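Geometric and topological summary
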Amino acid sequence: MTRIKICGLTRELDVVAAVEAGAAYVGMIFAGGPREIGVEQAAAVGRKAVGQAQRVGVFGAQRVEEIARIAEAASLDVIQLHADPTPVDVRAVRVATARPVWGVLRVSGNRLPVGAPALAEAADAVVLDPKVEGQLGGSGQALAWSELSEEVDALRRLTMVVLAGGLRPENVEDAIRALRPDVVDVSSGVESAPGIKDHERVRAFARATHAAL
């Protein structure tokens with residue numbers, strides 16, 4: 001069954017809408033950009049998900065000690081690493097935080113990066129996201145789903161697969177049928193502005209995800 005992650009959350013009412021729609025994960029960004037959230041705000045926003053969805057903290061190139069500090073202060077459940085993490089990075093963050101770690105694979109074209117299997121073996125999940133120069137994520141661009149299906153099938157034998165990049169209510173059914181990810185991860189596709197979720201689009205995304213199943 002494909003689960004839902006609503007990412008880039010900055011407001012408590014948007015977390016409520018996400019969990020009411022059935023999101024299993026809610027994401028908050030600590031890696032810069034228009035959806036970045038402060039630690040105290042993240043703690044308050046995340047409390048709305050307690051007992052209903054896991055809180056995922058999205059990080060870039062921060063030091064391991066900084067990630068661990070934020071994870072504790074914001075009561076995060078999962079750590080998501082961008083900035084092309086290595087298996088060594090994943091293991092170090094898992095030890096420092098005592099939390100599951102998702103590693104992001106930035107995909108260019110119709111092939112996964114060479115190091116994809118090694119990262120999958122080390123991480124609790126791999127997040128597939130389009131590679132866009134100058135951005136860690138949140139570009140709104142989609143992957144070539146059908147062309148990646150065989151490689152993604154192989155990854156799924158190693159760890160959980162999270163599909164991100166350009167997903168929205170109008171295309172998530174096609175993405176799920178092409179790649180059968182464990183989680184679909186949406187941010188800009190359900191927004192009225194960066195960090196501001198459109199609750200009707202959140203519900204529409206959830207309906208489309210369930211329809212694909």
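Note that the structure is a prediction, hence the values are computed from the model and not measured.

Definitions and limits used
- Residues numbered from 1 in each chain as written.
- Predicted model: local features only at pLDDT ≥ 70, side-chain atom pairs only at ≥ 80, totals over all residues.
- Heavy atoms only, no water.
- Pairing = 2+ DSSP bridges.
- Helix = DSSP H or I, 4+ residues; strand = E, 2+ residues; numbered from the N terminus.
- Axes fitted to C-alpha atoms, helices over the stretch in contact; angles between N-to-C directions.
- Contact = heavy atoms within 4.5 Å.
- Buried < 20%, exposed > 50% of the residue type's maximum accessible area, 1.4 Å probe, protein only.
- Right-handed = clockwise from strand over helix to strand, strands pointing away.
- Phe/Tyr/Trp six-rings, centres within 6.5 Å; stacked < 30°, edge-to-face > 60°.
- Arc of directions from axis to C-beta.

Further remarks concern the sheet that holds strand β7 (residues 160–163). In space, the 8 strands of this closed barrel follow the order β1-β2-β3-β4-β5-β6-β7-β8, with parallel pairing throughout. Strand-to-strand twist across the sheet, computed as the mean angle between neighbouring axes with direction ignored, equals 25°. Where strand β4 (residues 78–81) meets strand β5 (residues 101–107), 3 bridges bridge the pair, whose relative direction is parallel. Paired with Ile79 across the bridge in β5 is Val101. Those strands touched by helix α4 (residues 87–97) are β4 and β5, and its axis lies near 155° from that of β4. Relative to the sheet, helix α8 (residues 199–212) contacts β1 (3–6) and β8 (183–186), its axis offset from that of β1 by approximately 160°.

Moving on: the pairing of β8. Across the two faces of β8 the burial is the same, with Val183 and Asp185 and Val184 and Val186 all buried. With 4 bridges joining them, β1 and β8 adopt parallel strand pairing. Along β8, the bridge assignment pairs Lys5 with Asp185. Relative to β8, β7 runs parallel, the two being bridged by 2 bridges. Within β8, the position partnered with Val162 by the bridge is Val183. Where the polypeptide runs from β7 across helix α7 (residues 172–179) and back to β8, its parallel neighbour, the crossover connection is right-handed.

Bringing the packing of aromatic side chains into the picture now. By the definition in use, this model includes 2 aromatic pairs. Here the aromatic rings of Tyr25 and Trp102 are separated by 5.0 Å at their centres, their planes lie at 70°, and the arrangement is edge-to-face. With Tyr25 in strand β2 (residues 25–29) and Trp102 in strand β5, this pair connects stretches of sequence that are 77 residues apart. Trp102 carries the same exposure label as Tyr25, and that label is buried.

Further remarks concern helix α3 (residues 64–73). Among the residues making up α3, those that are buried are Ile67, Ala68, Ile70 and Ala71. In an axial view of α3, the angular spread of the buried residues amounts to 165°, which keeps them on one side of the axis. Across from the buried face of α3, at angles greater than 90 degrees, the exposed residues are Glu65 and Glu72. Turning to α3, the residues buried within the fold contact α2 (39–47), β3 (54–59), β4 and α4.

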